[in-house]
Every structure is written in structure tokens, then in C-alpha cells.
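# Survey of secondary and tertiary structure
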Amino acid sequence: MIRIIFPLLVGISALFSSASIAQSNVRLADNAPDSYTVVKGDTLWDISGRFLSEPWRWPAVWRMNRDQIRNPHLIYPGQVVLLDRSGPWLSIGRRIGGSGKLQPKVYEETLENAVPSIPVHVIEPFLNKPLVIDQANLEGAATIVATETSRVMTGAGDTVFAKNLDPAIEVWQIMRPARPLKHPLTGELIAYEADNLGSARVTAHGEPATLEILSAIEEVGAGDLLLPSEAPKVFSYVPHAPEHAVDGHVVSIHRGVQETGRLHVVALDTGARDGVEPGHVLSLFRNRGTAVYRGDNGKETFVLPEKRYGLLFVFRVFDRVSYALVMETDGPVTVGDAVRKP
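All values reported here derive from a predicted model rather than from experimental measurement.

This part takes up the overall build of the protein. Secondary structure assignment for the protein yields six helices and 23 strands. When each of the 342 residues of the protein is scored for burial, the buried share is 45%. Total accessible area computed for the protein in this model is approximately 17300 Å², and 51% of it derives from carbon and sulfur atoms.

The following block contains the structure:
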């Protein structure tokens, strides 16, 4: 259980911070309500969109510091969000009589009941499994070198032997490099998307170490890689724009298709080394290509301007790759489309 206290005022420093200046450009949504009661199934994006024309601008109108924006377990079903149009500002609390005023209130809730930033059921398969294997992972990676009785393939309950295991780690994810992620313009190999094959636990250390396969989605064999198992994550980040310029592209769409739409997952060719972090919102730009005009002066070729057509919400970040959920789009998202700071 956790206890969260929502004060009416956070302090003069918050009111006159850079966020206060930025909020002068925030536009209210058409027919924005004066208040809204949070219900189960809401997301931070949904709630923001009820009040603001651009939902990712929420941090500019909440009196929150940077740490709270990164991981804000603030909103729970049953709470009331009130809009102060003079800012605009958004506040949470409970009403005092019929005046519409707020007073501080103590809430006691479990983290599992917190309202997520975006639909967690869509991104849940991507949160707790290794998704990307880059060159650094491949060099000296823990690798299955043999199966018991030299069987070509094996599955749950069977024994395998592996090299290069960290003796401090007991449970491992079994992975296989599957799809190369290449830069759509240069063709540079960035990393490999990995197929998750299952999990295994060390039963005896050594070189090679002995492991028992705990689960197997596919058959496991020599040459498959082992990556440390990751603890389950609770994802809740308020959408916010990067503080720096981002210049990236869509390099892959989940399930290998060439185009997708709203509430689908895409991979980007920009990651932690470029300052991208979970919670970042990026704009999608479509390459319109070139046009040839044949006039009195002969043939002329024009590069058409890009079209901004949607928004992404970044939820998982690796060194050179990140994964994002398409939140808004007025057309199909395709491999090669550009992503930038909104």
C-alpha cells in the first residue's frame, strides 16, 4: 500500500518555473469540462485529452516537478480532476460543499490501481522481455552450447548447458536474434529484434553452466542466447516533449507489416544514446516524395514538404532503439516515416 497526499498549493517555485511559462501556449480542448471524475479504464492520455487540445502538454498545467513527471502514481479511479481556466491549471482533490473548491485529501491505494499513462494491455508484452539485441549484446553473450543427450532441440523441463553466464544471475530469458533493424535511409544495421523463446534457471554453475528450461514458447537449441530476466515493471509516465531535438525514423512495425495505425507498436532508430526516454512524445512526419513539373521552361523537380500527421508515445528505450505506441494519426504509419520533437 502507498499513501499519496495531494496539496492544494505546491509552492511559488512551481508556479513560476519554466513549466509555468510553457503553459501559456497550452490550448484548452473544445468543450473542456470544469471537472471530471476518473473511472476505471481511463488513461492519463484520455484524461488530458478531455481538458487539453494536445494531451501530451499535461505537465505544463500540473504543478509537478521533474521526478513526478517521470513516474507519477497520482491518479486513481474516483478522484476528481478540476480545471482552473485562469492558468489553465489542473488539480486533484475533493469538493468542499457546492463551492467547487478543493481541500487536501489522503488517498490509500495499491500501485496496481493507479491510472496508467497509455493502454497498458497493448504494450504489456513489450515491457518485461528483452526486445533488442545489439552488437554489444552479441559479443560475449551468454549462449547455449549443448543440450542434454545431444538432442538437436529441447523444451520445458529439459536441461541445457551454456557459457558466459554471470554467476550472480539465476533466471535467464532465452532469445534468438530474428529481424535485423536497419536505418531506412543508410541501410546501417542498428540491432536485431529478438524472438523470446522462453526462460531457464541455473541449477549448477560452471563453464559450461547447467540450466533447466522453465518455459518454452518455441524449441530451444544450441546457439540460442541468454539474457538476464527482467523484473516486472509498472508503467506510468506522464506524456512530455523531449528537452532536445530528436531526429529519428520508424524502422519496424510489430508483426512485420509495412504500415499500421492507432494504438499499434512501432520501433524507432533513436534511443537512450540520443536522450530519448520513456514518456517522451514525438511527432510523426510523412515523406511526400518529389513531384515533377513540366512547364515552358522544361522539366522541374520539387521535393515536397513533409506532413506532420500523428503522435507517438515512447514506452521502452534501448541504446539505439526505442519502442513507441501510436496515439494519434490521420493516416497509416509506414516504415521510414520521420519522428521529431513536437
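Structure shown, so let's carry the discussion forward.
With 79% of its residues at a pLDDT of 70 or more, the protein shows a mean pLDDT of 79. This stretch, residues 1–22, has a pLDDT under 50; its non-local contacts, to residues over four places away or in other chains, come to 40 contacts. This model gives residues 103–110 a pLDDT under 50, and the stretch forms 29 contacts once residues within four places in sequence are excluded.

Right, let's get into the packing of aromatic side chains. If you walk through the whole model with that rule in mind, you get two aromatic pairs. Taking the centre distance of 6.0 Å and the plane angle of 70 degrees together, the rings of Trp45 and Phe313 count as edge-to-face. Of this pair, Trp45 sits in helix 3 (residues 44–51) while Phe313 sits in strand 20 (residues 307–317), and the two are 268 residues apart along the sequence. Here Trp45 matches Phe313 in class, with each residue buried. Relative to Tyr323, the ring of Phe318 has its centre 6.3 Å away and its plane inclined at 75 degrees; by these criteria the two rings are edge-to-face. Over the aromatic face of Tyr309 sits the side chain of Arg286, whose NZ or CZ is 3.8 Å from the ring centroid.

On to the sheet that holds strand 14 (residues 247–253), then. What the six strands build is a closed barrel, ordered 14-16-21-20-17-23; its pairing is antiparallel. The average angle at which neighbouring strand axes cross in this sheet is 45 degrees, direction not considered. On top of the sheet, helix 5 (residues 120–127) reaches strand 16 (265–268), strand 20 and strand 21 (322–329); it is set at about 50 degrees to strand 20, its chief contact.

A few words now on the pairing of strand 11 (residues 189–204). Looking at chain direction, strand 7 (residues 132–133) and strand 11 are connected through two bridges and run antiparallel. In the sheet register, Val132 faces strand 11, and the bridge partner there is Glu193. Taken together, the 11 bridges between strand 10 (residues 171–182) and strand 11 define a ladder with antiparallel strand orientation. Note on strand 11: the bridge partner recorded for Arg179 is Glu193. In terms of strand pairing, strand 11 meets strand 12 (residues 209–216) through six bridges, oriented antiparallel. The partner of Gly198 across the bridge, within strand 12, is Ala216. In this antiparallel pair of consecutive strands, strand 11 and strand 12, the connection spans four residues, and Gly206 shows a positive phi of 155 degrees.

According to the stated counting rule, one finds 11 salt bridges in the structure shown. Here Asp195 makes a salt bridge to Arg179, at a shortest N to O gap of 3.2 Å. Note that Asp195 is positioned in strand 11 and Arg179 in strand 10, a separation of 16 residues in sequence. Here Arg273 ties to Asp319 by a salt bridge, and the two come within 3.9 Å at their closest N and O atoms. Of this pair, Arg273 sits in the loop between strand 16 and strand 17 (281–286) while Asp319 sits in the loop between strand 20 and strand 21, and the two are 46 residues apart along the sequence. Within the structure, one salt-bridge network assembled from shared partners comprises Arg176, Glu218 and Asp224.

Before going further, it helps to spend a moment on the environment of Leu312. Turning to its location among the elements, Leu312 is positioned in strand 20. The buried category is assigned to Leu312, whose relative accessible area is 0%. The residues contacting Leu312, other than those within four sequence positions of it, are Val266, Leu268, His280, Val281, Leu282, Leu284, Ala324, Leu325, Val326 and Val339.

What follows concerns helix 5. For an α-helix the count is 3.6 residues per turn, leaving residues at separations of three or four pointing the same way. Listed as buried for helix 5 are Val122, Ile123, Phe126 and Leu127. The arc enclosing the buried residues of helix 5, seen along the axis, measures out at 125 degrees, which places them on a common side. In helix 5, the exposed residues that point more than 90 degrees away from the buried face are His121 and Pro125. Here the buried face of helix 5 lies against strand 16, strand 20 and strand 21.

By the burial criterion, the buried members of helix 3 are Leu44, Trp45, Ile47, Ser48 and Phe51. In an axial view of helix 3, the angular spread of the buried residues amounts to 165 degrees, which keeps them on one side of the axis.

We now examine the nonpolar core. Of all hydrophobic cores here, the largest spans 24 residues; its most connected members are Trp45, Ile118, Val132, Phe315, Val321, Tyr323 and Leu325. Breaking this core down by element, the ones donating at least two residues are helix 5, strand 11, strand 16, strand 20 and strand 21. The element contributing the most residues to this core is helix 5, with four residues. Every residue in contact with Trp45, bar those within four places of it in the chain, is listed here: Pro55, Trp56, Ser117, Pro239, Val281, Leu311, Phe313, Met327 and Glu328. In this structure, Leu52, Trp58, Val81 and Ile92 belong to the second largest nonpolar core, which totals 19 residues.

Conventions and cut-offs
Residues numbered from 1 in each chain as written. Predicted model: local features only at pLDDT ≥ 70, side-chain atom pairs only at ≥ 80, totals over all residues. Heavy atoms only, no water. Helix = DSSP H or I, 4+ residues; strand = E, 2+ residues; numbered from the N terminus. Buried < 20%, exposed > 50% of the residue type's maximum accessible area, 1.4 Å probe, protein only. Areas by Shrake-Rupley, 256 points an atom, 1.4 Å probe, with all protein chains shown as cover. pLDDT = per-residue confidence, 0-100. Contact = heavy atoms within 4.5 Å. Phe/Tyr/Trp six-rings, centres within 6.5 Å; stacked < 30°, edge-to-face > 60°. Lys NZ or Arg CZ within 6 Å of the ring centre and 35° of its normal. Pairing = 2+ DSSP bridges. Axes fitted to C-alpha atoms, helices over the stretch in contact; angles between N-to-C directions. Salt bridge = Lys/Arg side-chain N within 4 Å of Asp/Glu carboxyl O. Arc of directions from axis to C-beta. Core = buried A, V, L, I, M, F, W, Y, C linked by side-chain atoms within 4.5 Å.

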